[in-house]
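A structural walkthrough
Next come the chains, spelled out residue by residue.
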Amino acid sequence: MRLAVLSGAGLSAESGIPTFRDALTGLWARFDAERLATAEAFCADPGLVWGWYRWRAAMVAAAAPNAAHIDVAALVDDGHALTVVTQNVDDLHERGGAHDVLHLHGRLLASRCSGCGARVVPDPILAQPPPPDGGAREAPPACGTCGAAFRPDVVWFGESLPTDVWHAAERAVDACELLVVVGTSSLVWPAAGLPERALHAGIAVIEINPQATPLSSRATAHWPMTATAGMAQLRRRLQQAPDDPQRVLAG
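This report concerns the structure included in the present document. Here the structure is a predicted model, which is why all the values come from computation and not from measurement.

What counts, and where the lines are drawn
Residues numbered from 1 in each chain as written. Predicted model: local features only at pLDDT ≥ 70, side-chain atom pairs only at ≥ 80, totals over all residues. Heavy atoms only, no water. 1 Å grid on protein atoms, 1.4 Å probe; cavity = no way out; pocket = protein on both sides within 12 Å on 5 of 7 lines; lining within 4 Å. Points joined across faces, edges and corners; volume = space filled by probe spheres on them. Helix = DSSP H or I, 4+ residues; strand = E, 2+ residues; numbered from the N terminus. Nonpolar A, V, L, I, M, F, W, Y, C, P; charged D, E, K, R; others polar. Pairing = 2+ DSSP bridges. Axes fitted to C-alpha atoms, helices over the stretch in contact; angles between N-to-C directions. Phe/Tyr/Trp six-rings, centres within 6.5 Å; stacked < 30°, edge-to-face > 60°. Lys NZ or Arg CZ within 6 Å of the ring centre and 35° of its normal. Buried < 20%, exposed > 50% of the residue type's maximum accessible area, 1.4 Å probe, protein only. Salt bridge = Lys/Arg side-chain N within 4 Å of Asp/Glu carboxyl O. Parallel < 35°, antiparallel > 145°, perpendicular 65-115°, else oblique. Left-handed = near helix turned anticlockwise from the far one by under 90°. Contact = heavy atoms within 4.5 Å.

A volume near 250 Å³ is recorded for the second largest pocket. Lining the second largest pocket are 14 residues, with Gly-106, Arg-107, Arg-119, Asp-153 and Pro-162 positioned closest to its centre. A total of four residues in the lining of the second largest pocket trace back to one element, the largest contributor, which is strand β4 (residues 106-113). Its residues assigned to classes, the lining of the second largest pocket comprises six nonpolar, three polar and five charged.

Shown next as structure tokens:
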């Protein structure tokens with residue numbers, strides 16, 4: 001079966017990674033997350049923003065994929081064609097074994113020059129020594145080509161998604177026979193429009209989320225469970241009905 005998985009923060013939360021706003025502790029507890037995730041914030045206080053992202057990157061690097069990441073990747077081993085479209089900026093899908101992963105919101109474990117877009121190896125966002133516990137302000141390194149500051153390679157509020165990645169995500173949804181929406185609140189656009197796109201085309205959509213979301217009443221099926229429980233159940237049902245999305249969702 002051709003599958004597409006749209007994943008969100010709820011999937012990585014089971015690996016101990018705080019969700020975006022839950023990450024505001026220690027030095028950053030008095031800040032609004034959205035005010036740290038803008039180009040304007042970076043221009044106004046680059047040391048504060050770079051330090052916060054370095055701290056978050058260190059947490060992600062220390063985390064491990066959970067059973068849901070592994071089960072997503074194992075769908076390929078089960079004989080299915082798979083594209084993962086993730087709103088997460090971590091690399092846990094890849095470390096869990098997935099290969100075809102589209103990052104709508106960029107990558108936390110990477111950076112680029114804010115001026116010319118240059119990248120360097122090793123990436124400075126993972127530079128040694130790691131940030132201290134709780135984080136610290138850190139001046140971002142300057143680009144050796146143009147002199148501008150390096151910034152996290154993520155999509156900030158007010159910025160557009162990478163066009164090539166977005167178009168690839170649309171193609172993956174259009175081509176799939178079943179769209180699995182797991183661990184996302186279905187509140188962040190334009191990603192929240194992908195399930196609507198699938199439903200409009202008559203493609204089955206299953207939502208795996210402990211809480212109801214704006215998608216729940218419209219999805220073909222809603223399984224109120226965690227990502228790890230839901231992905232394990234999905235694999236079992238796909239093994240019983242590998243070519244019939246409706247049978248999978250009906251159980």
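What follows concerns the sheet that holds strand β8 (residues 221-223). Remark on secondary structure: sheet strands pair via backbone hydrogen bonds, oriented parallel or antiparallel. Pairing is parallel in the open sheet, where six strands are placed in the order β3-β2-β1-β6-β7-β8. At either margin of the open sheet sits one strand with a lone partner, and together these are β3 (101-103) and β8. Pairs of neighbouring strands in the sheet enclose a mean axial angle of 15°, with direction left out of account. As paired strands, strand β6 (residues 178-182) and strand β7 (residues 204-208) are joined by five bridges and run parallel to one another.

This part takes up empty space enclosed by the protein. Counted by the stated rule, this structure contains one cavity of 30 Å³ or more. What lines the largest cavity is simply Leu-6, Gln-87, Val-181, Thr-184, Ser-186, Leu-187, Val-188, Ala-191, Ala-192 and Pro-195. A class-by-class count of the residues in the lining of the largest cavity yields seven nonpolar, three polar and no charged.

The next point concerns the packing of aromatic side chains. Taken as a whole, this structure holds three aromatic pairs when the rule is applied. A centroid spacing of 5.5 Å and a plane angle of 40° characterise the contact between Phe-42 and Trp-156, whose relative ring orientation is tilted. Here Trp-156 lies in the loop between β5 (150-154) and α7 (163-175) and Phe-42 lies in helix α3 (residues 39-44), a separation of 114 residues in the sequence. Here a set of aromatic residues connected by ring pairs shows up, and it is made of Phe-42, Trp-52, Tyr-53 and Trp-156. Between the NZ or CZ atom of Arg-151 and the centre of the ring of Trp-156, over which it lies, the distance is 3.8 Å.

A few words now on the pairing of strand β2 (residues 81-86). Here β2 lies mainly inside the structure; five of its six residues are buried. Relative to β2, strand β1 (residues 2-7) runs parallel, the two sharing six bridges. By the bridge assignment, Leu-3 is partnered in β2 with Leu-82. With three bridges joining them, β2 and β3 adopt parallel strand pairing. Directly across from Thr-86, in β3, lies its bridge partner His-103.

Moving on: the pattern of salt bridges. Counting across every chain of the model gives 13 salt bridges. Residues Glu-159 and Arg-151 are paired through a salt bridge, measuring 2.8 Å at the closest nitrogen-oxygen approach. It is possible to trace a salt-bridge network through shared partners that takes in Asp-71, Asp-78 and Arg-235.

Right, let's talk about unusual backbone geometry for a bit. The step from Gln-128 to Pro-129 runs through a cis peptide bond, and the omega angle for that step is -5°. Among the secondary structure elements, Pro-129 is positioned in the loop between β4 and β5. With an omega of 10°, the peptide bond between Trp-189 and Pro-190 qualifies as cis. Within the fold, Pro-190 resides in the loop between β6 and α8 (193-200). The backbone of Ser-186 sits at a positive phi, close to 60°, despite the residue not being glycine. For Ser-186, the location among the structural elements is in the loop between β6 and α8. Overall, Ser-186 belongs to the buried group, its relative accessible area being 10%.

This part covers the packing of helix α5 (residues 67-77) against helix α9 (residues 227-240). At a minimum axis separation of 8 Å, α5 and α9 run at an interaxial angle of 25°. Here α9 runs roughly parallel to α5, going by the angle between their axes. In terms of crossing hand, the pair formed by α5 and α9 is left-handed. Packed against α5, whose contacting residues are Ala-67, Ala-68, Asp-71, Val-72, Ala-74 and Leu-75, the element α9 presents Ala-227, Thr-228, Met-231, Ala-232, Arg-235 and Leu-238 at the interface. Here the contact of α5 with α9 is composed, by residue class, of nine nonpolar, one polar and two charged.

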